[in-house]
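As a plain string of letters, each chain reads:
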Protein chains: 2
Amino acid sequence: MNNLLFYDIQEYLDKLNKISKTENEVLLKEMEDLASRLNFPIVNRSVGRFLYLITKLKKPKLVVEIGSGFGYSAYWFAKALDEGKVILTDYKEENIKMAKNFLGKANLLEKAEFRVGNGVEVAKEYKEVDIFFFDHEKSKYLDTVLQIKDNLKSGGLLIADNTLWHGKVLEESPDNQTKKIKEFNEYMFSSPEFFCSLVPIRDGVLVAIKL
Amino acid sequence: MNNLLFYDIQEYLDKLNKISKTENEVLLKEMEDLASRLNFPIVNRSVGRFLYLITKLKKPKLVVEIGSGFGYSAYWFAKALDEGKVILTDYKEENIKMAKNFLGKANLLEKAEFRVGNGVEVAKEYKEVDIFFFDHEKSKYLDTVLQIKDNLKSGGLLIADNTLWHGKVLEESPDNQTKKIKEFNEYMFSSPEFFCSLVPIRDGVLVAIKL
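Residues numbered from 1 in each chain as written. Chains lettered and ligands numbered in written order. Predicted model: local features only at pLDDT ≥ 70, side-chain atom pairs only at ≥ 80, totals over all residues. Heavy atoms only, no water.

Concerning the overall build of chain A
- If you tally the helices and strands in chain A, you get eight helices and seven strands.
- Referenced to the eigenvectors of the C-alpha coordinate spread, the extents of chain A come out at roughly 45 × 40 × 30 Å.
- Per-residue burial over chain A gives 58% buried out of 211 residues.
- Pairs at least 24 residues apart make up 65% of the contacts formed inside chain A by residues separated by at least 6 positions.
- Only carbon and sulfur atoms are counted for the fraction: they give 47% of the accessible area of chain A, which is about 9,000 Å². (Helix = DSSP H or I, 4+ residues; strand = E, 2+ residues; numbered from the N terminus. Buried < 20%, exposed > 50% of the residue type's maximum accessible area, 1.4 Å probe, protein only. Contact = heavy atoms within 4.5 Å. Areas by Shrake-Rupley, 256 points an atom, 1.4 Å probe, with all protein chains shown as cover.)

The following block contains the structure:
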């Protein structure tokens, strides 16, 4: 696959996703279209499905998102939960309002808690977390993991979006933000506290299990 | 990431894998070098790590591989098992012998069962399977899933390697083998019995949870 564009593979995955009968298809499309219209960064359908599958396997009771935007990833976590809750955080009240509206349409409000504020500070309030999801300011990932890793259960997951950062992690002279993401990836892979897999869907999803 | 080569991303993942302290590093390197020397198709380190992580989450008691080669993927399954077994199958006695030798070096023989023969026929002997792993003749994937899906537990996983088939699934006029893989992917994604995610690591790993 030496000459294959990453983009082409993603197109094939999109085609497959489209033939899958999915609950709340209209709502998901509404959220995806809104993101596209506002140029609002959300994970895409493939990542959403991947998060759903991982959540189904993990069976978490407590998922904490640091950076929820208007709730697209939270939708997939909440939808996959048998019991328990996903905590949504965002510093913009407007985003949390939209998230509440979308998750309400999917009848998932009982599985969600909505917090406006600094996602990292809110996250620190929660102990015995089964899954942390990072989707906030990329340069803060490394600092954040140092602050919250003791709040993650043994066997729990840390999932971080944008860890390929538009492919910039491959550049020879990356900018500062990219350097920070590379440092985060290197910290995670070399840490004896985690076992990691970086899954190259969309912008790169790092999945780490706490040992 | 429009102009990014898939190959370059894989190189970055390889670099990250290398900084991870891994048990049995010497043995894994020996297996990987052998595969490279013999041009023997095995999943790579990234896929191995991904299978390990999925197995840690799923906590299976029974993993059945259809097409084990000399045991590289089976190593990762067995290593991740808390209890239970992985069944290795291969039609070549020589491959199974090598697999036994490698898994013995890793002290994993208690977690493995070795069967020489037609992988699909052997697989059908096992009921209540938690994970099926497909890595046999690609044109048989679709026929195989029809034969074994009732032997997979509800909530169990079907994991299939090579579902991007060197990128040939993207071609406009694919050859017959590629057509068969595309039909398998389409069957899996459209089936109401499974929820799927195709993870683009190496040659494409389809992960499906049985609903």
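Looking at the sheet that holds strand E4 (residues 129-134) of chain A
Residues and elements named next belong to chain A.
- With respect to topology, seven strands assemble into an open sheet ordered E3-E2-E1-E4-E5-E7-E6, the strand pairing being mixed. Since the sheet does not close on itself, it has two edges, and those belong to strand E3 (112-116) and strand E6 (194-199), each with one partner. In this sheet, adjacent strand axes meet at a mean angle of 15 degrees when their direction is disregarded.
- For strand E2 (residues 85-90) and E3, the ladder comprises five bridges, and the chain directions are parallel. Within E3, the position partnered with Asp90 by the bridge is Val116.
- Lying over the sheet, helix H8 (residues 176-190) contacts E4, strand E5 (152-161), E6 and strand E7 (205-210), oriented at roughly 135 degrees with respect to E6. (Pairing = 2+ DSSP bridges. Axes fitted to C-alpha atoms, helices over the stretch in contact; angles between N-to-C directions.)

Section: the relation of the copies chain B and chain A
- Expressed as a screw operation, the relation of chain B to chain A combines 0.0 Å of axial shift with a rotation of 180 degrees, fitting to an RMSD of 0.0 Å. The superposition operator between the copies reduces to a two-fold rotation axis.
- Taken as a fraction of all interface residues of chain B, those also at the interface in chain A reach 98%, which identifies the copy contact as same-surface. (Least-squares fit on C-alpha atoms with pLDDT ≥ 70 in both.)

Description of the packing of aromatic side chains
- Counted by the stated rule, this structure contains 22 aromatic pairs over all chains.
- Their ring planes at 65 degrees and their centres at 5.5 Å tell us that B:Phe134 and B:Tyr141 sit as a pair that is edge-to-face.
- B:Phe134 sits in the buried class, given a relative accessible area of 0%.
- The exposure class of B:Tyr141 is buried, given its relative accessible area of 0%.
- Linked through ring pairs, A:Tyr52, A:Tyr72, A:Tyr75, A:Trp76 and B:Phe195 together constitute an aromatic cluster.
- Over the ring of A:Phe195 we find B:Arg49, and its NZ or CZ is 4.3 Å from the ring centre. (Phe/Tyr/Trp six-rings, centres within 6.5 Å; stacked < 30°, edge-to-face > 60°. Lys NZ or Arg CZ within 6 Å of the ring centre and 35° of its normal.)

Brief notes about helix H4 (residues 72-80) of chain B
- H4(B) sits mainly inside the fold: nine of its nine residues count as buried.
- Among all positions in H4(B), only B:Tyr72, B:Ser73, B:Ala74, B:Tyr75, B:Trp76, B:Phe77, B:Ala78, B:Lys79 and B:Ala80 are buried.

Describing the packing of helix H2 (residues 25-38) of chain B against H4(B)
Residues and elements named next belong to chain B.
- Taken N-terminus to C-terminus, the directions of H2 and H4 make an angle of 155 degrees; their axes are 10 Å apart at the nearest point. One element, H2, and the other, H4, form an angle in the roughly antiparallel class. Across from Leu27, Leu28, Met31 and Glu32 in H2, the residues of H4 making contact are Tyr72, Tyr75 and Trp76.
- Looking at the contact of H2 with H4 residue by residue, the classes come out as six nonpolar, no polar and one charged. (Parallel < 35°, antiparallel > 145°, perpendicular 65-115°, else oblique. Nonpolar A, V, L, I, M, F, W, Y, C, P; charged D, E, K, R; others polar.)

A closer look at the sheet that holds strand E7 (residues 205-210) of chain B
Residue and element names in this part refer to chain B.
- Within the open sheet, the seven strands sit side by side as E3-E2-E1-E4-E5-E7-E6. Their pairing is mixed. The open sheet terminates on both sides in strands that have one partner only, identified here as strand E3 (112-116) and strand E6 (194-199). When the angles between neighbouring strand axes are averaged without regard to direction, this sheet yields 15 degrees.

Structural notes on the interface of chain B and chain A
- With 48 residues of chain B at the interface, the matching set in chain A holds 47 residues.
- Between the two partners, chain B and chain A, sit zero salt bridges.
- Our count for the chain B to chain A interface comes out at six residue pairs in polar contact (both at pLDDT 80 or more).
- Among the secondary structure elements, those contributing two or more residues to the side of chain B that touches chain A are helix H1 (6-18), helix H3 (45-58), helix H8 (176-190), E6 and E7 of chain B.
- Taken together, the residues that form the side of chain B that touches chain A break down as 29 nonpolar, ten polar and nine charged. (Salt bridge = Lys/Arg side-chain N within 4 Å of Asp/Glu carboxyl O. Polar contact = N/O pair within 3.5 Å; in protein donor to acceptor, adjacent residues only side chain to side chain.)

So, the pattern of salt bridges
Residues and elements named next belong to chain A.
- Within this structure, the stated rule accounts for 28 salt bridges over all chains.
- Asp33 is the salt-bridge partner of Lys29, the closest N and O atoms lying 3.2 Å from each other. Taken together, the residues span about one helical turn, with Lys29 and Asp33 both in helix H2 (residues 25-38) at a distance of four residues.
- Judged by its relative accessible area of 42%, Lys29 is partly exposed.
- Taking the relative accessible area as the measure of exposure, Asp33 reaches 34% and is therefore partly exposed.

Considerations on the packing of helix H3 (residues 45-58) of chain A against H3(B)
- For the pair H3(A) and H3(B), interaxial distance at closest approach is 7 Å and the crossing angle is 45 degrees. With respect to each other, H3(A) and H3(B) are oriented oblique. Within the contact between the two elements, H3(A) uses A:Phe50, A:Ile54, A:Leu57 and A:Lys58 and H3(B) uses B:Phe50, B:Ile54, B:Leu57 and B:Lys58.
- Looking at the contact of H3(A) with H3(B) residue by residue, the class counts come to six nonpolar, no polar and two charged.

As for the nonpolar core
- Within the largest apolar cluster, 90 residues are counted, with the highest numbers of intra-cluster contacts made by A:Phe50, A:Leu88, A:Leu103, A:Ile159, B:Phe50, B:Leu88 and B:Ile159.
- Each residue touching A:Phe50, except ones within four places of it in the same chain, is listed here: A:Val199, A:Ile201, A:Val205, A:Val207, B:Phe50, B:Ser197 and B:Val199.
- In terms of nonpolar packing, the next biggest core, distinct from the first, is built from 72 residues, A:Phe194, B:Ile9, B:Val64 and B:Val169 among them. (Core = buried A, V, L, I, M, F, W, Y, C linked by side-chain atoms within 4.5 Å.)

Quick word on the environment of B:Ile209
- Among the structural elements, B:Ile209 can be located in strand E7.
- According to the relative accessible area criterion, B:Ile209 is buried, its value standing at 7%.
- With 51 residues separating them in the primary sequence, B:Ile209 and B:Leu158 have C-alpha atoms 6.5 Å apart.
- Apart from residues lying up to four places away in sequence, B:Ile209 is in contact with A:Lys56, A:Leu57, B:Gly155, B:Gly156, B:Leu157, B:Glu193, B:Phe194 and B:Phe195.

This is a description of form; function is not addressed.
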